[in-house]
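Below are the chains, spelled out letter by letter.
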Amino acid sequence: MLASALVALGLAGAAVAQSGRPAPSPARIAVPKVERAGVWQPTPGGTQVPLWPAGVALAKPDSGDHPEATGNGSPLVGGRMWHWASYVTRPTMTLYRPKGRNTGAAMMVLPGGGFYAVATDLEGTEICDWVVRQGMTCAMVKYRTPQVWERAAGQPQQRPKVLLGLEDAQRAMGLLRQRAATYGIDPHRIGVIGFSAGAYLVADMSNTVERSYPLTDAADRQSPRPDFAILAYGARMLDAGKGRNSLDLKPWVRISPTAPPTLILHAMNDPTDNVRQGMAYALALTDAGVPVDMRLYARGGHAFGLRPTADPITREWPGQVRQWLEDLGVLDDR
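Definitions and cut-offs
Residues numbered from 1 in each chain as written. Predicted model: local features only at pLDDT ≥ 70, side-chain atom pairs only at ≥ 80, totals over all residues. Heavy atoms only, no water. Salt bridge = Lys/Arg side-chain N within 4 Å of Asp/Glu carboxyl O. Buried < 20%, exposed > 50% of the residue type's maximum accessible area, 1.4 Å probe, protein only. Helix = DSSP H or I, 4+ residues; strand = E, 2+ residues; numbered from the N terminus. Core = buried A, V, L, I, M, F, W, Y, C linked by side-chain atoms within 4.5 Å. Contact = heavy atoms within 4.5 Å. Pairing = 2+ DSSP bridges. Axes fitted to C-alpha atoms, helices over the stretch in contact; angles between N-to-C directions.

Caption draft 1: Structural detail: the pattern of salt bridges. Taken as a whole and judged by the stated rule, the model has 18 salt bridges. Two residues, Asp65 and Lys60, come together in a salt bridge whose shortest N-O distance is 3.6 Å. A relative accessible area of 61% places Asp65 in the exposed class. The exposure class assigned to Lys60 is partly exposed, which follows from its relative accessible area of 45%. Here Glu126 makes a salt bridge to Arg80, at a shortest N to O gap of 3.7 Å. A residue pair is termed long-range when its members are at least 10 positions apart, and Glu126 in helix H2 (residues 121-133) and Arg80 in the loop between strand S3 (69-72) and strand S4 (83-86) qualify at 46 residues. When its relative accessible area of 44% is taken as the criterion, Arg80 is described as partly exposed. Counted as one network, the salt bridges with shared partners bring together Arg80, Asp121, Glu126 and Arg307.

Shown next, in the form of structure tokens:
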């Protein structure tokens, strides 16, 4: 299972062996955060659609009826600011269609943001730009936030019993399958990629078909489980309280033998979500008989998205994903 990871580590370490010591990761420069009231709007080429009918009453995020806002993030990534949407009460998905050959495959994108916000460009629309260049339809989900994971005094952090982002991701998958003919996609070749908190949502939806909300329409009778799954610098899965070298999962992480083939991307020097997050999840999936590939690199930190820097992972992971999708038969000439 870890053969692919060892190869990636070997490739990433080759330059280190030649030069003696690796160059440090590029510095991330902090900039002032700016947030303003307003509803996020898609980049050119995107069509934003609501996930739920207007008449459906939805559970609200922790901010209640606070007006939606957009903001600039800090620090800079790849020398540029990144942006977010928050106080999301009516979630959406934004569709981007391939301009040339359409393979029929589709990718849902779940941005990170710590469940406080949704990183709309760094881990959203910029990912969709790459996805459509591969001949795939892309659907970026703007899910309900913020939702705090409670931490009582002296107690570890707890997953909310009802996770709003998971409900929105499952709803989006059902819509994509139910509208597959309209969107020009194969309902059996719809996968998902998630980043940080979004990667946790990918793991969650990969291992469960139960919904915590009442079924609304025909879309909710479609399977919410993706056909393939990609987790980039995943979070909130490792039970770190059992020791530094423990690879046990948190009690809320369920593992199903019917989870889809999974690819995990992580940097060894991630200061936010330890690389053991991905390792623990990969081992648990493998024990359940689920095919898993890993691509680990020495450097890259956290939240690098698709912006190239001096760290090899930031420039090489898209090619790794493309090859993996070809190996799965997701990208071919069908």
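Caption draft 2: Spatial organisation of the nonpolar core. Ranked by size, the top nonpolar core spans 55 residues in total, and within it Met93, Met108, Leu110 and Leu176 carry the most contacts. Top contributing element to this core by residue count: helix H5 (residues 197-206), with seven residues. When sequence neighbours within four positions are dropped, the list of residues in contact with Leu176 reads Met93, Leu95, Met108, Ala139, Tyr183, Ile185 and Ile190. One finds Trp40, Ala232, Leu263 and Tyr297 within the second-largest nonpolar core, a separate group that totals 33 residues.

Caption draft 3: Summary view of the sheet that holds strand S7 (residues 137-142). Taken in spatial order, the eight strands make up an open sheet running S2-S5-S7-S6-S8-S9-S10-S11, and their pairing is mixed. Sheet topology places strand S2 (47-50) and strand S11 (292-297) at the edges, where each strand pairs with a single neighbour. For this sheet the average axis-to-axis angle between neighbouring strands, irrespective of direction, equals 20 degrees. Here strand S6 (residues 106-110) pairs with strand S8 (residues 190-195) via five bridges, running parallel. Bridge pairing in S8 places Leu110 opposite Gly194. Across the sheet, H2 touches strand S5 (92-96), S6, S7 and S8, and the angle it forms with S7 is around 170 degrees. Relative to S6, helix H3 (residues 164-178) is tilted by about 160 degrees, and along the sheet it contacts S2, S5, S6, S7 and S8.

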